Amino acid sequence: MLKKYFKLFLGLVLSLGLVACSSKEETKEPVSILCPSGAPALALLGATNDENVSIEYANADVLQAELSKTDGDYDIIVAPTNLGAKLYQASQTYQLEAVLTWGNLYIVGPVDFDFTTGSLAAFGEQAVPQLVFNYCYDTENLDVTYYSDVAQAQQALLTGQTQCALLAMPVAQATIAKAKENNMELTILSDVQKVFKEKSGFKQEGYPQASLFVKKDKIEKVSYVLDEISSFIENSDETAISDAIEAEGIENLGVPAKEICVKTWDKQNIRYVRANEVKDEIENFLSIFKIEVAEDLIVE
């Protein structure tokens, strides 16, 4: 009889445990994310297969508009670190939770070409690419032309309008591949991130280029999404990355072929690092833009 009651009791405990787990899953709230295309979008692959998460990909103008709102429409916004930090001073809406990308800029040109002279196509005028480029290199003897986006800078190089180009990865690798198809030999002449590290003395490789901003008081709500994002970045192998890109689609992500994205994963410097662990790096980086870090910008 005692054994019978024990089994009933055990069954009740297990049932309650299953109900508790089920309830926990059911209370998983929907999370909305706004993100630019390219390497920042690849940083979110860990959340793309979660039916509770909706991700929209947008250009810089939309990002700026949403970050400026005092009552934002999104739970999470991925944006250039300098943009999010600057707009927080006015809106006080989206706090800096983590840095996702640590720089993906490379100078591409002919083998053994001296890019300190001659012509160079670039993108991101008055934004991170230009400011980081000017910080790292002496541009006095360079004829630099800025284009509206990285695709146009790539095209200028491939069509011979310029001798070399400042490009973002994975576009940089795609450019080298396309050039080879046309019997052109291009290579990476300089890794901007390494030069930046040497000049700045940063502990981290590269610089806090794009970050994840969370709407105030929504950290608990989005915590499961942050776990998915960071876990994927830290633990996924090439197969998992390839499968996730295939499922989301390169058109949505705004990236070249998945094979190139996988091959250049390390060079894209995608790493999830909590902002409160790299405060000095963030402050030093933002000082280039003459932006002061607001007292409660960084999530503790």
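Given the structure is predicted, the values throughout are model-derived calculations rather than measurements.

Parameters and conventions
- Residues numbered from 1 in each chain as written.
- Predicted model: local features only at pLDDT ≥ 70, side-chain atom pairs only at ≥ 80, totals over all residues.
- Heavy atoms only, no water.
- Helix = DSSP H or I, 4+ residues; strand = E, 2+ residues; numbered from the N terminus.
- Buried < 20%, exposed > 50% of the residue type's maximum accessible area, 1.4 Å probe, protein only.
- Contact = heavy atoms within 4.5 Å.
- Pairing = 2+ DSSP bridges.
- Axes fitted to C-alpha atoms, helices over the stretch in contact; angles between N-to-C directions.

A. Looking closely at unusual backbone geometry. The omega angle of the peptide bond from M169 to P170 is 15 degrees, so this bond is cis rather than trans. Within the element layout of this structure, P170 appears in the loop between β8 (164-168) and α7 (171-181). Notably, N183 is not glycine yet its phi reads approximately 60 degrees, a positive angle. With respect to the secondary-structure elements, N183 resides in the loop between α7 and β9 (186-191). A positive phi angle is found at K290, which is not glycine, with a value near 60 degrees. Structurally, K290 can be placed in the segment after α13 (279-288). The class for K290 is exposed, based on a relative accessible area of 76%.

B. Fine view of the environment of T70. With respect to the helices and strands, the residue T70 is situated in the loop between α3 (60-67) and β3 (76-80). Relative accessible area serves as the criterion here: at 66%, T70 is assigned to the exposed category. Along the sequence, T70 and A90 sit 20 residues apart, while their C-alpha atoms lie 8.4 Å from each other. Beyond its immediate chain neighbours, meaning those up to four positions away, T70 contacts S91 and T93.

C. Quick look at the sheet that holds β3. If you walk across this open sheet you meet the 6 strands as β2-β1-β3-β10-β4-β11, and the pairing is mixed. Each edge of the open sheet carries a strand with a single partner, namely β2 (53-57) and β11 (270-274). With strand direction ignored, the average angle separating the axes of adjacent strands in the sheet is 25 degrees. Note that strand β1 (residues 31-35) and β2 share 5 bridges and pair parallel. Paired with V31 across the two strands is V53, which belongs to β2. Contacting β1, β3 and β4 (94-101), α3 runs over the sheet at an angle of about 125 degrees to β3.

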